[in-house]
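Listed here are the chains, written in short residue letters.
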Amino acid sequence: MPPHRSIPFTSLLFKCKTIQQLKQTHAQLLTRGLNHPPPSLRPTISFSALNSSGDINYALLLLFQSSTPPQIFLYNTLIRGLARACRPDSLSTSLLVFYRMIELNVVPNNFTFTFMFQGCANGGDFDLGRQLHGMAVKNSFAFDVFVRNSVIQYYSVFGKVRDARRVFDENEDLDIVSWNSMINGYLKNGEILEGLELFDKMPKRNDVSWNSVLGALVKFGSLDDACRVFEEMPHRSIVSWVLMISGYAQNGRPKEALALFREMQLLDLEPNSAVLVSVLSACSQLGALDHGNWVYSYIQKKCMKIDSILCAALVDMYAKCGSIDLAMQVFHSSRQKDVSAYTCAISGLAMNGRSIEAFQLFEQMKGEGISPDSISYTAVLCACSHMGWVEKGFHYFHSLFDEHGIRPELDHYACMVDLLGRAGLLKEAETFIDSMAMKPDNVIWGTLLGACRVHGNAEMGQRVGNMLIESDQNHDGRYILLSNIYAESRKGEDAEEVRNIMRKKRIKRVPGYSLIEVDGVVHEFLAGDRSHEKTEEIYLVWEEISKKIKNYGYNAETRAITFDIEDEEKENVIGYHSEKLALAFGLICTKPGSVIRIVKNIRICNDCHSAMKLVSKLFNRKISVRDRKRYHHFEEGRCSCLDYW
DNA sequence: AAGTCTCAAG
């Protein structure tokens, strides 16, 4: 068969849009006896190796089975595809390709080396990279600026900034990417000053240079410094916006994240999925369902692809805004779900009082061949804790290592201590802490202290509380817990003593607050807050509510009163806990029949819990309160937590 | 014929 007969097929191959089409067309070509004519290899290998919907194994097969020795371009394409793919065997496979080409006397060129270094950087093999570097130098490929830049990048990834700097210094012929790679090497490895010094010396800067600095400030410096750079930089690319918005979202400043996003919209800039992921994270933190809904409809309107990260963010947002049904709807309709998306759904279910489904989903995930990671385990252990399922908790705790070889981390231990402590097994919890394979941190002891308070164990509480205060003198929560434990076990003097120490050390109490979103605006309330513009009305309404529910058995509890309030104010303040004010505001401002959604930064107290239950019944409203750990969905006088929390 | 640097979740 004359070779030119393959030409029409080759152009057909170039037009293929999917791997299936490509394989079919290629198969037709093969059945006509045109066994891998060289021109057909290029489109097939390029597509299979580089396209995100390609099939790199198919490309490998074609390359290794070719009857004629493939051109260097094809080898390079495969190595490039492998470097990009980030599979666990990527690097060993590209090394195989590398040896194969040498074996067939195809001499590697500067492109080969660029892709190999990229592979080493992504695949985590330092030694191989160093050998290749020697080889590249010996064969004069290190003169190519691309090769050199990928070497700098490779050394930087492994924290070998000095080696990177040597390559950088040895060469006259540097371009802006060399500078960026070198600066980024410093910044990523925490050598901020060196990085900034080099940045100052740069002959010319581009967006990437500025964004590297911006990213380092967000991560290692202060957000406010980053903000200043953001204001001053000559041009903001989408990456700059991503960095700032995610910086705010991840550092407990979700309101500022949303404000910056609004600024972006006013400038008519199109958000990408990275921006939306951060915006969704901010919505999750604020419980801002209206905003979150807007983001979801925006994604649908723009037909944006929902990848596993966006899926996880959406599921997390809906779950943390209390709309677990919507969360699961998004989850099930998404095609791309990775372990994180599953984990978000699992912890979302658990948080919303649907632990049985959480366990089912965990098993389903394993059934689909996705292995749980350490965070998935934190989620199931939390689910056990919410239900008080001690035995199940131990089962999962043991399977952590037995089934998945994951060594328990502090988070897992903390979940177990919470599970035991909440269930009233305080002794067992303490024994469990003693059996830990690592040194327990203050979070673990703090969890036990919290349990001591819930179950009124003053002896253990005193011991643990004093130890905690000793080791971390500035944590307000520990003083408060200990003082309350004393107060509740009628040791008023000891409680007073703790209060005095706290005053003397000038330890500021982090105030408890509640958020409620009405018509896209997030309102914030503190306990006894009188700053809201509708204060008069809010307090009036709460008085009415209070009177009404008292007729149905509500008795303002005084046990849970915080200590830094003067005695005569006690009843007043517990009557005006932030969630009660938010509830009154919600009753004033939302439509009858709609759900009132409140987000708290600390745990809900007994008093508010019983008040909420009664209001849900007497006012016939569904109320959702998210506290620091979980959701309480109140309906018709009952709570989804079944009064266990 | 092709490449090197900045970017997101639990």
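Residues numbered from 1 in each chain as written. Chains lettered and ligands numbered in written order. Predicted model: local features only at pLDDT ≥ 70, side-chain atom pairs only at ≥ 80, totals over all residues. Heavy atoms only, no water.

1. What to know about a nonpolar patch on the surface
There is a patch of nonpolar side chains on the surface, built from Tyr99, Ile102 and Met135 and spanning about 280 Å² of accessible area. Along the chain, Tyr99 falls in helix H6 (residues 90-103). (Patch = residues over 30% accessible without salt bridge, like charges linked within 9 Å, V, L, I, M, F, W, Y side chains within 5 Å. Areas by Shrake-Rupley, 256 points an atom, 1.4 Å probe, with all protein chains shown as cover. Salt bridge = Lys/Arg side-chain N within 4 Å of Asp/Glu carboxyl O. Helix = DSSP H or I, 4+ residues; strand = E, 2+ residues; numbered from the N terminus.)

2. Digging into the UniProt feature "repeat: PPR" (unreviewed entry) in chain A
According to UniProt, the "repeat: PPR" (unreviewed entry) feature falls on residues 175-209, 237-271, 338-372 and 373-408. For residues 237-271, the end-to-end C-alpha separation is 11 Å, with 74% helix and 0% strand making up the annotated structure. With 81% helix and 0% strand, residues 373-408 has its two end C-alpha atoms placed 11 Å apart. (UniProt positions renumbered as here; feature names shortened; annotations may be inferred.)

3. Examining unusual backbone geometry
With phi around 60°, Asn105 is a residue other than glycine that occupies positive phi space. Within the secondary structure, Asn105 is located in the loop between H6 and helix H7 (110-123). Overall, Asn105 belongs to the exposed group, its relative accessible area being 67%. Of note, Asn620 is a non-glycine position whose phi angle comes to about 50°, a positive value. If you trace the backbone, Asn620 turns up in the loop between helix H34 (606-618) and strand S4 (623-626). Using a relative accessible area of 60% as the deciding quantity, one classes Asn620 as exposed. (Buried < 20%, exposed > 50% of the residue type's maximum accessible area, 1.4 Å probe, protein only.)

4. Let's talk about the nonpolar core
Ranked by size, the top nonpolar core spans 155 residues in total, and within it Leu78, Ile245 and Leu448 carry the most contacts. Of all the elements, helix H19 (residues 308-320) adds the most residues to this core, at 9 residues. Beyond its immediate sequence surroundings of up to four residues, Ile245 is in contact with Ala257, Leu260, Phe261, Met264, Val275, Ser278 and Val279. Within the second largest apolar cluster, 32 residues are counted, among which are Ile549, Ala582, Ile596 and Cys608. (Core = buried A, V, L, I, M, F, W, Y, C linked by side-chain atoms within 4.5 Å. Contact = heavy atoms within 4.5 Å.)

5. Points about the side chain of Ser48
As for its position among the elements, Ser48 is in helix H3 (residues 38-50). When residues no more than four places from it in sequence are discounted, the contact partners of Ser48 are Ile19, Leu22, Gly54, Asp55, Ile56, Tyr58 and Ala59.

6. A short note on the sheet that holds strand S1 (residues 513-518)
The sheet built from 6 strands is open, its strands ordered S2-S1-S3-S4-S5-S6 with mixed pairing. What marks the edges here is a single partner per strand, and that holds for strand S2 (521-526) and strand S6 (638-639). Bridge count between S1 and S2: 6 bridges; the pairing is antiparallel. Considered in S2, the bridge of Ile516 is made with His523. Where helix H33 (residues 578-589) meets the sheet, it contacts S1, S2, strand S3 (596-600) and S4, and its direction lies at approximately 15° from that of S1. (Pairing = 2+ DSSP bridges. Axes fitted to C-alpha atoms, helices over the stretch in contact; angles between N-to-C directions.)

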